[in-house]
Amino acid sequence: MVSQSDDEQQGWLLGLVLGLIVLVLALVLGLAIGRVSAEQVDLPPAPAAAVVPAPVLAAPAAAPASAAMAAQAVSDAASITAEYGVVRFYFASGDAELAAGAAEALVDVVRGARGGKKVLISGFHDDKGNAARNAELARQRALAVRDALIASGVPDSQIHLDKPARTAGTGSDAEARRVEIALQ
């Protein structure tokens, strides 16, 4: 015959075993959720405005330009963005070489120029370091973009180069290493 003491011990043991099972399941579930959350945090943000390091011209994006600036600031590599009719060439630090895909990014600008519009090229630099060196590098970058336009068939007479402008404020270093193209 089984005594009441044996039933209490079996009940206590069964409760302990079930408690351990629940604890293990909670631990496994917690680790799985933690991994999924960590993977989501490590994912790069989806580009708000098309940041184009490859030879692709993106359509204008509806997201604010500041998101594109934040995405660009992450990288020091040369790249190209296009939004709201403005093509921006970002350059690697100390370099005036265009990003891959420059000709493809300029297709709409070339079409506009063939339609009689003027092409305005604006170079930018920051005020860190040697001002004359920064201005010269901004000029070289603008000339590299101009040369790409001429190579794509835009007559030099339709291209206007603005004097390199100094960026001010809290913009990123990448924003200071850019050349913008717009049609007028």
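For the structure itself, consult the block above.
Conventions and cut-offs
- Residues numbered from 1 in each chain as written.
- Predicted model: local features only at pLDDT ≥ 70, side-chain atom pairs only at ≥ 80, totals over all residues.
- Heavy atoms only, no water.
- Helix = DSSP H or I, 4+ residues; strand = E, 2+ residues; numbered from the N terminus.
- Buried < 20%, exposed > 50% of the residue type's maximum accessible area, 1.4 Å probe, protein only.
- Contact = heavy atoms within 4.5 Å.
- Areas by Shrake-Rupley, 256 points an atom, 1.4 Å probe, with all protein chains shown as cover.
- Phe/Tyr/Trp six-rings, centres within 6.5 Å; stacked < 30°, edge-to-face > 60°.
- Lys NZ or Arg CZ within 6 Å of the ring centre and 35° of its normal.
- Polar contact = N/O pair within 3.5 Å; in protein donor to acceptor, adjacent residues only side chain to side chain.
- Expected span 1.5 Å × (residues − 1).

> Go over the overall build of the chain with me, naming the residues and quoting the values.
Looking only at helices and strands, the chain features six helices and seven strands. Ordered by position from the N terminus, the helices and strands of the chain form the series α-β-α-β-β-α-α-β-α-β-β-α-β. Taking all 184 residues of the chain together, 32% fall into the buried category. Of the contacts made within the chain by residues no fewer than 6 positions apart, 69% connect residues no fewer than 24 positions apart. Total accessible area computed for the chain in this model is approximately 11,200 Å², and 62% of it derives from carbon and sulfur atoms.

> Lay out the packing of aromatic side chains with the relevant residues and their values.
With the rule as written, the count across this model stands at zero aromatic pairs. In this arrangement the basic side chain of R178 is found over the ring face of F124, its NZ or CZ atom lying 3.8 Å from the centre.

> Describe the side chain of R88, listing the residues and the values that go with them.
You can see R88 is positioned in strand β3 (residues 86-90). Taking relative accessible area as the criterion, R88 reaches 14% and is therefore assigned buried. Within polar-contact distance, the side chain of R88 engages the side chain of E180 at 2.9 Å. Those residues in contact with R88 that sit more than four places away from it in its chain are S79, I80, T81, E83, R178, V179 and E180.

> Lay out helix α5 (residues 131-151) with the relevant residues and their values.
The end-to-end C-alpha separation of α5 is 30 Å, in line with the 30 Å expected for 21 residues at 1.5 Å each. Within α5 the residues assigned to the buried category are N134, L137, A138, R141, A142, L143, A144, V145, A148 and L149. The elements touched by buried residues of α5 are β3, α4 (107-114), β4 (119-125), β5 (159-161), α6 (173-176) and β7 (178-183). G153 lies just past α5 and shows a positive phi near 105°.

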